[in-house]
Amino acid sequence: MKKRVLAIALALAMVLALPVSALDVEDFRGGKLSGVTLTEDGSMLVTDTFNKIVWMVKGNKCSIVAGKIGVLDASGEPVGAYHDGERDHAFFTEPWDIVPFLDGYAVSDTQSNVIRFIGADRVKTLTGTGEAGRKDGEARTATFDRPTGLTVDDGGTLYISDTGNGAIRSIDKYGNVTTVATGLESPMGICWYKGAIYVAETGRSRISRVQGGKVSVVAGVSEKAPDAGEYIGGYADAAVKNAKFDHPQGITVGEDGTIYVADTGNSAIRAIRDGRVYTLLRTEGGSVTPSSPRGLLLQGSTLTVTDNFAGVLLEVSVAEKSYSDVAPDAWYAGAVEFATRNNIVGGSDGRFEPNALMDRSMFVTMLSRMHRLVDGTVIIDGEKSYSDVGEDAWYAAAVRWASDEGIISGDGGQFYPTRGISREELAVVLYNYAKSQKMDTSASTGLNVLKNFPDAGEVSDWAQEAMRWACSMHIINGSDGSLIPKGQATRAQALTMLLNFLNAYSI
């Protein structure tokens, strides 16, 4: 297979541009940014694991709010230390996360195995002895093992990802440390939301939830590696039970319940909503996207992301796209929202054109993008060529891929990219795709469900098998009680079939 890169995936009407930019902030002195939180005046506090300090970012100005940059070691990295004192004379070893707590800010100092506290004038130790361990009790005698993520509940209790111990710990405002949950594999980023703690369970490459002391899986397939105690990461947008992450390190939850994930190993920002995982942003093609995302801060529809490796702050708009010609209660509204969110197809100038007719080039490109939800590592391309498909046409790579996989074909050396595609043709293409992926298509040989439709006799002989399968799997449900097999499909119909397909196979 040719290793061409798909430079232009869709025509203008089919492109979704996600607003993202690096904040124009003064030089962080080569820092590796980690945790991020908001102050009362709207400034941001950002931890820096390289310079071992805490920055304050206000507008495009940054200044050191706590810690001191030490002398450089032989590799050029500032030397850290565990030392309490006045804010500008204190030292950290690895300030990982930061959250508001009591009348100041709690900071996880990972290598020192302690939680520090930034007050009005001084940095002091909130809890931990500096020795690795797992001991509950009074704050001054409690022990931790490489604490990382922090979050605070509605009552003011601080929760700590005790990464080395595979546990979630807590400290209340009276200084009592307790263990909330155990059995996690290297938990890192955490977030409190409506009575539960959502966890980026880094070691198992999944998202978990802790509620009432019990751990449950929210999303992600956890696959053991050959080496004992290790798990394999992956990348797949899918239903939560089939989605894959690669050692995520950050997490936050929006007011509407959407879970945002810094999928660090995939250099991606992911989201979990309505039982599915999808990608907001991923490093591809050299664009300004995260290389090693970690900290997340959600303000309204803007998500601020710390990139630990690149040492920059990114701003990502997570506002839901809406269209003037798609009513919220339209039968296809869910499919349009899903497709837009997953970059399968979008609109332009505030319109989606749901009733616009679908052609072969559009549908095969949409299908290729859906396939990338199933396997995010796949390269969409192939060898097959057609005289009427230019090598650099925006749909060319998708046509080559689909043709090589036996999903769709041309005629007489031509593909006819602008020719309309009928509903029965859509069924055949999806049926061929399912077979190419070795999915269960036995529904095609079952009861003839087509007889339930008054126009079943209009289905072409070559489409009978695929149409039985599509109707049995509820991928096609008919329109006003009829199949209309030879009717040219609209954008809304094509998208609904794609979503029905994913749901039918729990993808």
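Draft legend 1. The arrangement of the sheet that holds strand β6 (residues 85–86) in detail. Read from one edge to the other, the open sheet built from five strands follows the order β6-β10-β9-β8-β7, with strand pairing classed as antiparallel. Each edge of the sheet is formed by a strand with only one pairing partner; in this case those strands are β6 and β7 (95–101). Pairing of strand β8 (residues 104–109) with strand β9 (residues 114–118) involves five bridges; the strand directions are antiparallel. Each residue of the ladder has a partner; that of Val107, found in β9, is Arg116.

Draft legend 2. Spotlight on the side chain of Arg116. Counting through the fold element by element, Arg116 comes out in strand β9. At 3.0 Å, the side chain of Arg116 and the backbone oxygen of Phe91 are in polar contact.

Draft legend 3. Highlighting the environment of Val364. Here Val364 shows up in helix α2 (residues 360–374). Residue classification places Val364 among the buried positions, given a relative accessible area of 2%. In contact with Val364, other than residues within four places in its own chain, are Ala398, Val399, Trp401, Ala402 and Ile408.

Draft legend 4. View of the packing of aromatic side chains. Tallying each qualifying case throughout the model produces twelve aromatic pairs. Taking the centre distance of 5.6 Å and the plane angle of 75° together, the rings of Phe28 and Trp55 count as edge-to-face. A residue pair is termed long-range when its members are at least 10 positions apart, and Phe28 in the loop between β1 (20–22) and β2 (33–38) and Trp55 in strand β4 (residues 53–58) qualify at 27 residues. The exposure class of Phe28 is buried, given its relative accessible area of 6%. On the basis of an interplanar angle of 55° and a centroid distance of 5.2 Å, the ring pair of Tyr323 and Phe352 is categorised as tilted. Highlighted residues: Tyr323 in the loop between β28 (312–317) and α1 (333–341) and Phe352 in the loop between α1 and α2, separated in sequence by 29 residues. On the basis of relative accessible area, Tyr323 is assigned to the buried category, the value being 8%. An aromatic cluster of three or more residues is present, and its members are Trp401, Tyr431, Tyr433, Trp469, Phe501 and Tyr505.

Criteria and cut-off values
- Residues numbered from 1 in each chain as written.
- Predicted model: local features only at pLDDT ≥ 70, side-chain atom pairs only at ≥ 80, totals over all residues.
- Heavy atoms only, no water.
- Pairing = 2+ DSSP bridges.
- Helix = DSSP H or I, 4+ residues; strand = E, 2+ residues; numbered from the N terminus.
- Polar contact = N/O pair within 3.5 Å; in protein donor to acceptor, adjacent residues only side chain to side chain.
- Buried < 20%, exposed > 50% of the residue type's maximum accessible area, 1.4 Å probe, protein only.
- Contact = heavy atoms within 4.5 Å.
- Phe/Tyr/Trp six-rings, centres within 6.5 Å; stacked < 30°, edge-to-face > 60°.

That is the geometry; function is a separate question.
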